[in-house]
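# Commentary on secondary and tertiary structure
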Amino acid sequence: MLLLLSPNPIGENPERVVQFAQSSLRRRDSRFSIGPRTVTSRPIGRGSDLAPSLSEGGPRLPLFRRRLVAAAMFVSDCRREFYDVIVSQRVLLLVASDVDALCACKILQALFQCDHVQYTLVPVSGWQELETAFLEHKDQFKYFVFINCGANVDLLEILQPEEDVSFFVCDSHRPIHVVNVYNDTQIKLLVKQDDDLDVPAYDDIFRDEEDEEEDSENESDGSEPAEKRRRLQEDVIERTMKRRQRREWEARRREILFDYEQYEYHGTSSAMVMFDLAWIMSKDLNDMLWWAIVGLTDQWVQDKITQMKYVTDIGILQRHVSRHNHRNEDEENSLSIDCMRIAFEYDLRLALYQHWSLYESLCNTSYTSASLKLWSVQGQKRLQEFLADMGLPLKQVKQKFNSMDMSLKENLREMIEESANKFGMKDLRVQTFSIHFGFKNKFSASDIVYATASLMENIEKEGHETTNFIKALDSLSRGNLDKLHQGLDLAKKQLRAIQQTVASCICTNLVISQGPFLYCCLMEGTPDVKLFSKPVSLCLLSKYLLKSFVCSTKNKRCKLLPLVMAAPMDVEQGTVIMVGIPPETESSDKKNFFGRAFERAADSTSSRTLHNHFDMSIIELKTEDRSKFLDALISLLS
Amino acid sequence: MEPAEVEFLAEKELVTIVPNFSLDRIHLIGGDLGPFNPGLPVEVPVWLAINLKQRQKCRLIPPEWMDVALAGSLIRQTQEKLEEIRDQERKEDTFTPMPSPYYMELTKLLLNYASDNIPKADEIRTLVKDTWDTRVAKLRLSADSFVRQQEAHAKLDNLTLMEINTTGTFLTQALDHMYKLRTNLQPAE
């Protein structure tokens, strides 16, 4: 049984096709069923009843695809199928531009250094850069590792690799494209098996096409006319039955694929997957564990995973932390002060509070600022009341945290939690980890996330794109504390800018309801608007804005709407960067449908858009096309 | 000699490691190494130990003298630990024998790369630094008196190569100058 043949195999070497067909025969015999991962209809989440009309047209997926077998290509033994294969080869690492990818890259680099693996590191910030890097290097490398990019598109089609090239994809973007899942030879997915993937079953999406050929061969060959007529009639009936069956199958297939690819979300952090690999090889160190923690915290800071998943992953990491840091330090065997210690903490949710003053941190953390409504005068008063309730004098609170009185710092967490409960902030404490080395270096995981993200998207120095990436990568090592402190300063500036922009947007009512979603557009003259031309900063701003808006508005319906945010990206080229984020609710499942919505809207209005980012819900478009794009989006989603 | 060269020579000293891999005996020009079996201690030169430690392939065991205080009176006769060594050095006017001719380099290397395998690393660092300071101070005193009294030769026991290296250049150049000045004076007399 052949898998497929394209109708005009012009230019194909016929021998090669035949050889291929024979080998696919052999592979077909070893197919196995996918097991519990059968089709489940996606539960209609919040916000999806706002997008019923997305069901017309389906994702663009070729029905017939060569080189596919009904075997899901998840790597079951990370060590044998991934690491042992590349340990003796030269590898190209393609790393996306977010903190989780940086951490995963650091862990992998450390493993490579232990085993003297030759590798080349290429930072990529979008699909275009990925393709350019691939084209540049495809002659020199046979093994490519994709970190936090590449799982949600058809890699084979976009990159067109040779037969012997292997791709290893370690990505937290979901849903994973079905071609990547079912490709046997070239694409291997480094993904934890217990992630809720819900991949559709093989038979529902792909089918053999020997029927196609039989149809075209059904021509009458010489026989008696009467028999021929009877046979013809039977043939016609058979053919119409088959055609009807095929049409039903195709309709069901479209529906299944649409359900599967409608919502974007995120799975386990790539840094944690890499740390698992290191643990399996018994090469895990405290440093790598710390990077895994930072990767997970990045997902939480950027609101990419649900609270439950975060808590589960924290539990997993907590076990590793106690394994590494359990040494009973007494007189007999005390560890050097320079050694790194990680500790689990039920810490305050205030951003950077140990490197700032408590007052600034309260003003610039989205949770407290939104709950206390700090953009209004009343909000400021509530803040004063809050501080007074805790008994913290203003003078103490406004100075650097490290210089606060010890007596105040001792029970700070419990005091703040008590008072916060009275003011309606029930989740002010969060489970996280902190690191401690040397005499004065103590950092919390979220501090590192903010610092590294600011370094990566630093707009101050107009250098080459990759210098910022490399600087951010370096700042994750313990030896580069000066870069880390620089990152912390940049992060403070960024958080202040975000809060000021949010305050001005809310006070000037820039957030308007367009029906199915909220919309906010930053004008060019806004202060610090250059800061928001980068995707991660803009996403952070949008999430904070949505949180604050939900707290400020009285309209119950508006509280459940998602947000689309636009900011000028490049003034000379006249482009705008647009971001869509899911609605802010207590138990949202963080699933984002804007990726598909943006694609459809761009198609229908033929706007000049660039879907360059690995997150489908971030696009760039020309400023002139913005209004017609928005109109299309509104009509699409209403 | 550069300090780096002295360190290079010091890296030939043997230290015990516990590997986590297995390898047969390897034959190098300088001697044989191994065989390596996971969990069994083996003696290797410091350069190999540091390299394996950085690649997470072994665990280092500190040498016997690299410990803070005496465990019991039995050990006292056979080897002295660092506190004792430091106290003795302070008491005596001349140099006391050191537990290893490369004690400074070994301490620095092992504490930089393997401080998690060495208990009480900070105290050890302080004690070794104290001992070093005392010895170098004595060396400076004796070099000073040597030059002043225009001695022709001197004999110092129990110095390590690193300490000699610190004063070596200065001392030889100073004595050269003294010699030149002396020979220039004589015709005038």
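Residues numbered from 1 in each chain as written. Chains lettered and ligands numbered in written order. Predicted model: local features only at pLDDT ≥ 70, side-chain atom pairs only at ≥ 80, totals over all residues. Heavy atoms only, no water.

## Here we look at the pattern of salt bridges
Following the criterion strictly, the structure yields 33 salt bridges over all chains and no others. Residue Glu261 of chain A is joined to Arg596 of chain A by a salt bridge in which the shortest nitrogen-to-oxygen separation is 3.5 Å. Linking Glu261 of chain A in helix H9 (residues 225-262) with Arg596 of chain A in helix H23 (residues 594-605), this pair joins segments that are 335 residues apart in sequence. In this structure, Lys138 of chain B engages Glu89 of chain B in a salt bridge whose closest nitrogen and oxygen atoms are separated by 2.8 Å. Here the residue Lys138 of chain B occupies a position in helix H6 (residues 121-148), and Glu89 of chain B occupies one in helix H4 (residues 82-91), the gap between them amounting to 49 residues. We classify Glu89 of chain B as buried; its relative accessible area is 0%. (Salt bridge = Lys/Arg side-chain N within 4 Å of Asp/Glu carboxyl O. Helix = DSSP H or I, 4+ residues; strand = E, 2+ residues; numbered from the N terminus. Buried < 20%, exposed > 50% of the residue type's maximum accessible area, 1.4 Å probe, protein only.)

## Things to note about empty space enclosed by the protein
All names here are of chain A. Under the definition given, this model contains 7 cavities of 30 Å³ or more. Empty space within the largest cavity amounts to approximately 130 Å³. In terms of lining residues, the largest cavity is bounded by 14 residues, among which Trp290, Ile435, Leu476, Ser477 and Arg478 are the most central. Secondary-structure elements contributing two or more residues to the lining of the largest cavity are helix H11 (286-301), strand E9 (429-437) and helix H21 (481-507). A per-element tally of the lining of the largest cavity places H11 first, with 3 residues. For the lining of the largest cavity, the residue count by class is 10 nonpolar, 2 polar and 2 charged. (1 Å grid on protein atoms, 1.4 Å probe; cavity = no way out; pocket = protein on both sides within 12 Å on 5 of 7 lines; lining within 4 Å. Points joined across faces, edges and corners; volume = space filled by probe spheres on them. Nonpolar A, V, L, I, M, F, W, Y, C, P; charged D, E, K, R; others polar.)

## Things to note about the environment of Cys339 of chain A
Tracing the chain through its elements places Cys339 of chain A in the loop between helix H12 (307-324) and strand E8 (341-348). For Cys339 of chain A, a relative accessible area of 10% corresponds to the buried category. Once the C-alpha coordinates of Cys339 of chain A and Ala104 of chain A are considered, the two residues, 235 residues apart in sequence, prove to be 22 Å apart. Apart from the residues within four sequence positions on either side, Cys339 of chain A is in contact with His436 and Phe437 of chain A together with Ser115 and Asp116 of chain B. (Contact = heavy atoms within 4.5 Å.)

## Describing the interface of chain B and chain A
In this complex, chain B contributes 11 residues to the contact, which on the side of chain A involves 18 residues. Counting the surface lost from both chain B and chain A, the interface buries some 1,000 Å², and carbon and sulfur atoms represent 43% of this. Summed over the shared surface of chain B and chain A, the result is 1 salt bridge. Between Lys57 of chain B and Asp115 of chain A there is a salt bridge, with its nearest N and O atoms 3.6 Å apart. The element best represented in the side of chain B that touches chain A is H6 of chain B, accounting for 3 residues. For the side of chain B that touches chain A, the per-class residue count stands at 2 nonpolar, 3 polar and 6 charged. (Buried area = accessible area lost by both parts, 1.4 Å probe.)

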